[in-house]
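What the coordinates show
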Amino acid sequence: MSVSLCCRRFPLTLNARLVQPTRNGYIVLLPEINPNIPDNIALMKDNMPDFKSLTTEKCVTTMGKHLLDFEQGVRVIEQAVEKAGCTDVVKEVIEPLEKISASLDTSWGIVKNLYLTSSQLMPATTYVPLHHRARRARASKFYSKAIYTACKESDQSKMTEEDQRVIDKFILEGRLAGLDLEEIKREELANVHIRMAECRSDFTMRMQVSSKMFKHTIHDPSVTREMPDQLLRLMSQNKDEPSRGPWTVTLEPQLQELFMAYCPDKELRWNVWQASSRVASHSLEDSQLHNSATLEKIRALRRDEARLLGYESYAHLSMETKMAGTLENVQQTLGNMLKVAKPAADRELANLQQFAWDRGFEGGLQVWDIPFWQRKQRRTLYNFQEETLIDFLPLDKVWTGLLGLCERLFDLKFVEQKMDLWHPDVRFFYIYEDDSNKPVAGFYLDPYGREDKPMTGSRGAWVVNITPAARIHKTLPLSTLILHLDPPIYGKPALLTWADTQLLFKQFGHILQQLLTTVNYTEVAGQSNVEWDAVEIVGNVFLHWLRDPAVFENISGHYATGEKPPVPPLTEIDRHLAGYNLCQELFKAHLDLEIYSTKDFWQDIMKRLWPAHFILPHDHWNSLPCNFSAIVTEQWCAAYFSHVWARMVAADVYTAFTEPDVDLKNIGSRFRDTYLAFGGSCPPGEVFRRFRGRDPSSEAYLKYLGLH
């Protein structure tokens, strides 16, 4: 797929020197660069992004210049190495690459920030081609044979640990790009990648089209009587009065998840579940929307990729970028957890079945019934209803409590600074060491959904880096935390659901990991170069803090009266159906690994794995792999297990804060000096050992879930 900047027309012309051939054989067009743009970053003022004066044209033109400057800089470094060789790869390659990437990293961060917060300032038609162009440019340094050879032949014996990690990153990226292969095999690998991109695009298109085909309209208000306002707003055709019908059910993920938990009609639940499980499957009448054959093509292409690179399977190749290390280790660890989770899940479902029968349910529970009855049983057992918590979780109270927790644990101060930004709702905070008046970092908070904010309604969240936390650049680290919370309405302040609160805590862990890194190079700063199954560890540790009764008390209070709610038994609530919930995640993880480590047809894999994870009957029409985009077209192929793995390690990390007579200040300092400081400069297994003094295990996670 060729890429060009086909945004709205600007009064610009093309210059021959701006038509750049790419390494994959096609042309990318950039607008003519204004020769008067200064060498420093034109989007910045006083070392801060100048958001108030930014325009689409200015962003595109400036980033275009930085793209070309970066690519030219890579060529200069390549030519120098090819001509004179390399005696010091850090001084002659790594540091120069860092310096030439600084402007591009910052302008790209600013542009991405605007894309995710203002479709008016940065329309998708402008940003998406530019994003792909920037990704290709940034990757060019890893596809350079000269740079790869210099790194591979370097003597690492006298390098620092961080230098070694950077060099190893370049070596691994180069090897996985096929730079060790003979020319004919490199061409074959490139062809595999081209065909793969086509198949992934086809898979995504079919999934999107077929998922939008389902709609069901509800006219009966008795069906929606217990549904929370958030769900009614998603379904209502009358946006001004969402409590009045009719209501439309679609397969939009957030809507579907809430609907399955609150819909009292089992036939409606089945209808939505079967539609969702059959998206892009052979059950559809239109064969052009079937993904089965495309899925098998993608699997075959990934096998070809692994074979060309010398791996037994794509799942084995995937382990190169995982903390787990080997496929066998992952399978053994997941298998051990399943041995504990499956018997627990069987007991939980038997108990839930009786609970449903006692309340008039007829027949046996099916997969589509579980979310509804799980919510009902949880409310009965723990007097816990998420919808009743909302009035006790005003954003300002939760935010103040979250910052206070981090100040106590990490010796930090958060100070808000008034600024003119891209929207009046956006806030800016400096982060200070507790005993210093010089900030160590800063971040923007854009909390609410709004009309011109892309993906409003998705409830998603993003952390965007603007200036990196790398010493070599000598700039203040800056990031943005972007959320899509409900804004103040009807005279009430912004109120959070329990799910919103969990998301906020998790994402704040991620932004601190980005900003408090104490490394030299961007290549290993924050979450860069952190193995996939370790990326979510810090965020999950923050979720454990949220479940501490003292923390909950600090973040909660009625928005009008300040009254404290009864502290719910949050740990017990997490343990409700924990065996079944874990089996669901283990099933998806095993499915993913089997798809990319065997040649068995995907339906045969489903049939084999289902009874090992669930006592519930398997629906032979269930076509999950045909619409499981995370493992087929996105970054989690042969990596879905990473979600469970990160939760497992995070639970073990958090036990350090709960040991008898623990010094929380000391443990918090050690957590900051390891998990928040190292970024990707240290292998995650070693980070854990330096924090806990031993290797991680699954025992703490299973114990937290009440399964051990």
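Keep in mind that what you see is a predicted model, and the values were worked out from it rather than measured.

All right, on to the pairing of strand E8 (residues 427–433) then. Put simply, side chains in a regular strand alternate between the two faces of the sheet. Here E8 lies mainly inside the structure; 5 of its 7 residues are buried. When strand E7 (residues 412–416) meets E8, the two strands line up antiparallel, connected through 5 bridges. The residue bridging Lys-413 from the neighbouring strand is Tyr-432, located in E8. Remark: 5 residues form the turn of the hairpin made by E8 and strand E9 (residues 439–448), two consecutive strands paired antiparallel.

Bringing the sheet that holds E8 into the picture now. Judged by pairing direction, the sheet is mixed, and its 5 strands sit side by side in the order E7-E8-E9-E11-E10 without closing on themselves. The strands lining the two open edges of the sheet, one partner per strand, are E7 and strand E10 (462–467). When strand polarity is set aside, the average angle formed by the axes of neighbouring strands in this sheet is 25°. Helix H2 (residues 89–117) rests against E9, E10 and strand E11 (478–485) of the sheet, and its axis sits at about 145° to E10.

Our next topic: the packing of H2 against helix H3 (residues 124–139). A packed helix pair is summarised by two numbers, namely the angle formed by the two axes and the spacing between the axes. Between H2 and H3, whose axes approach to 11 Å, the crossing angle comes to 155°. Taken together, H2 and H3 sit at an angle that is classed as roughly antiparallel. In this structure, H2 meets H3 at a crossing whose hand is left-handed. When H2 is examined against H3, the residues Ser-101, Leu-104, Asp-105, Trp-108, Val-111, Lys-112 and Tyr-115 are found in contact with a partner set consisting of Ala-124, Tyr-127, Val-128, Leu-130, His-131, Ala-134, Arg-135 and Arg-138.

Our next topic: the packing of aromatic side chains. Taken as a whole, this structure holds 42 aromatic pairs when the rule is applied. With a centroid separation of 5.4 Å and an interplanar angle of 90°, the aromatic rings of Phe-51 and Tyr-444 are classed as edge-to-face. On the criterion of sequence distance, the pair formed by Phe-51 in the loop between strand E4 (48–49) and helix H1 (56–84) and Tyr-444 in strand E9 is long-range, its members being 393 residues apart. The same class applies to Phe-51 and to Tyr-444, which are both buried. Here Phe-372 and Trp-373 contribute two aromatic rings whose centre-to-centre distance is 5.2 Å and whose plane-to-plane angle is 85°, an arrangement assigned as edge-to-face. In this pair, the class of Phe-372 matches that of Trp-373, namely buried. Aromatic ring contacts, followed pair by pair, group Phe-410, Phe-542, Trp-545, Tyr-654, Phe-657, Phe-671, Tyr-675 and Phe-691 into a single cluster.

Here the focus is a nonpolar patch on the surface. Side chains of Met-205, Val-209 and Met-213 sit close together on the surface and give an oily, nonpolar patch of about 270 Å² of accessible area. For Val-209, the location among the structural elements is in helix H6 (residues 183–211). Residue class for Val-209 comes out partly exposed when judged on its relative accessible area of 38%.

Attention now moves to the packing of H1 against helix H4 (residues 145–152). Look at H1 against H4: their axes get within 8 Å of each other, and the N-to-C directions meet at 55°. One finds that H1 runs oblique with respect to H4. Judged by the twist between their axes, the crossing of H1 over H4 is left-handed. Contact residues: H1 offers Val-74, Glu-78, Val-81 and Glu-82, while H4 offers Ala-146, Ile-147 and Ala-150. Class assignment of the residues belonging to the contact of H1 with H4 gives a composition of 5 nonpolar, no polar and 2 charged.

Turning next to H2. In an α-helix there are 3.6 residues to a turn, and that puts residues three or four apart on one side. Taking 1.5 Å of rise per residue, 29 residues should cover 42 Å, and H2 covers 40 Å from first to last C-alpha, within 8% of that figure. Approximately 40° is the largest bend angle found in H2, and it occurs at Ser-101. H2 sits mainly inside the fold: 21 of its 29 residues count as buried.

Ranked by size, the top nonpolar core spans 170 residues in total, and within it Phe-259, Phe-508 and Phe-671 carry the most contacts. With 12 residues, helix H12 (residues 327–358) is the largest single contributor of residues to this core. Lining this core are residues from two domains, each supplying at least three of them: domain 2 (214–278) and domain 3 (390–579 + 642–705). Here Phe-508 is in contact with Trp-399, Leu-402, Leu-403, Cys-406, Phe-414, Phe-443, Leu-481 and Phe-542, once residues within four sequence places are set aside. Formed by 57 residues, the second largest nonpolar core is a distinct cluster that contains Val-90, Tyr-115, Tyr-127 and Ile-147.

Right, let's get into the pattern of salt bridges. One pass over the full model with this rule turns up 39 salt bridges. Here Asp-574 makes a salt bridge to Arg-547, at a shortest N to O gap of 2.1 Å. Here the residue Asp-574 occupies a position in helix H19 (residues 570–575), and Arg-547 occupies one in the loop between helix H17 (537–546) and helix H18 (549–555), the gap between them amounting to 27 residues. Judged by relative accessible area, which is 23%, Asp-574 ranks as partly exposed. Taking relative accessible area as the criterion, Arg-547 reaches 12% and is therefore assigned buried. One network of salt bridges, in which partners are shared, links Asp-105, Arg-138, Lys-141, Lys-169 and Glu-523.

Mapped onto the elements of the fold, Arg-138 is located in helix H3. Excluding residues that lie within four positions of it along the chain, Arg-138 makes contacts with Phe-70, Ser-101, Leu-104, Asp-105, Trp-108 and Glu-523.

This part covers the pairing of E9. Burial of E9 is extensive: 8 of the 10 residues sit out of reach of the surface. As paired elements, E8 and E9 share 6 bridges and run antiparallel to each other. Paired with Tyr-430 across the bridge in E9 is Gly-442. Relative to E11, E9 runs parallel, the two sharing 6 bridges. The partner of Phe-443 across the bridge, within E11, is Ser-479.

Once that is clear, we can look at the environment of His-484. Along the chain, the position of His-484 falls in strand E11. Judged by its relative accessible area of 3%, His-484 is buried. Each C-alpha atom, one on His-484 and one on Gly-449, is 4.1 Å from the other, the two residues being 35 residues apart in sequence. Beyond its immediate stretch of four places on either side in the chain, His-484 contacts Pro-447, Tyr-448, Gly-449, Lys-453, Pro-454, Met-455, Thr-456, Ser-458, Arg-459, Gly-460 and Trp-462. A distance of 3.0 Å separates the side chain of His-484 from the backbone oxygen of Pro-454, its partner in a polar contact. For His-484, the side chain forms a polar contact with the main-chain oxygen of Gly-460, separated by 3.2 Å.

Conventions we followed
Residues numbered from 1 in each chain as written. Predicted model: local features only at pLDDT ≥ 70, side-chain atom pairs only at ≥ 80, totals over all residues. Heavy atoms only, no water. Buried < 20%, exposed > 50% of the residue type's maximum accessible area, 1.4 Å probe, protein only. Helix = DSSP H or I, 4+ residues; strand = E, 2+ residues; numbered from the N terminus. Pairing = 2+ DSSP bridges. Axes fitted to C-alpha atoms, helices over the stretch in contact; angles between N-to-C directions. Contact = heavy atoms within 4.5 Å. Parallel < 35°, antiparallel > 145°, perpendicular 65-115°, else oblique. Left-handed = near helix turned anticlockwise from the far one by under 90°. Phe/Tyr/Trp six-rings, centres within 6.5 Å; stacked < 30°, edge-to-face > 60°. Patch = residues over 30% accessible without salt bridge, like charges linked within 9 Å, V, L, I, M, F, W, Y side chains within 5 Å. Areas by Shrake-Rupley, 256 points an atom, 1.4 Å probe, with all protein chains shown as cover. Salt bridge = Lys/Arg side-chain N within 4 Å of Asp/Glu carboxyl O. Nonpolar A, V, L, I, M, F, W, Y, C, P; charged D, E, K, R; others polar. Expected span 1.5 Å × (residues − 1). Bend = angle between axes of the 7 residues up to and from the residue. Core = buried A, V, L, I, M, F, W, Y, C linked by side-chain atoms within 4.5 Å. Domains from an automatic or database assignment. Polar contact = N/O pair within 3.5 Å; in protein donor to acceptor, adjacent residues only side chain to side chain.

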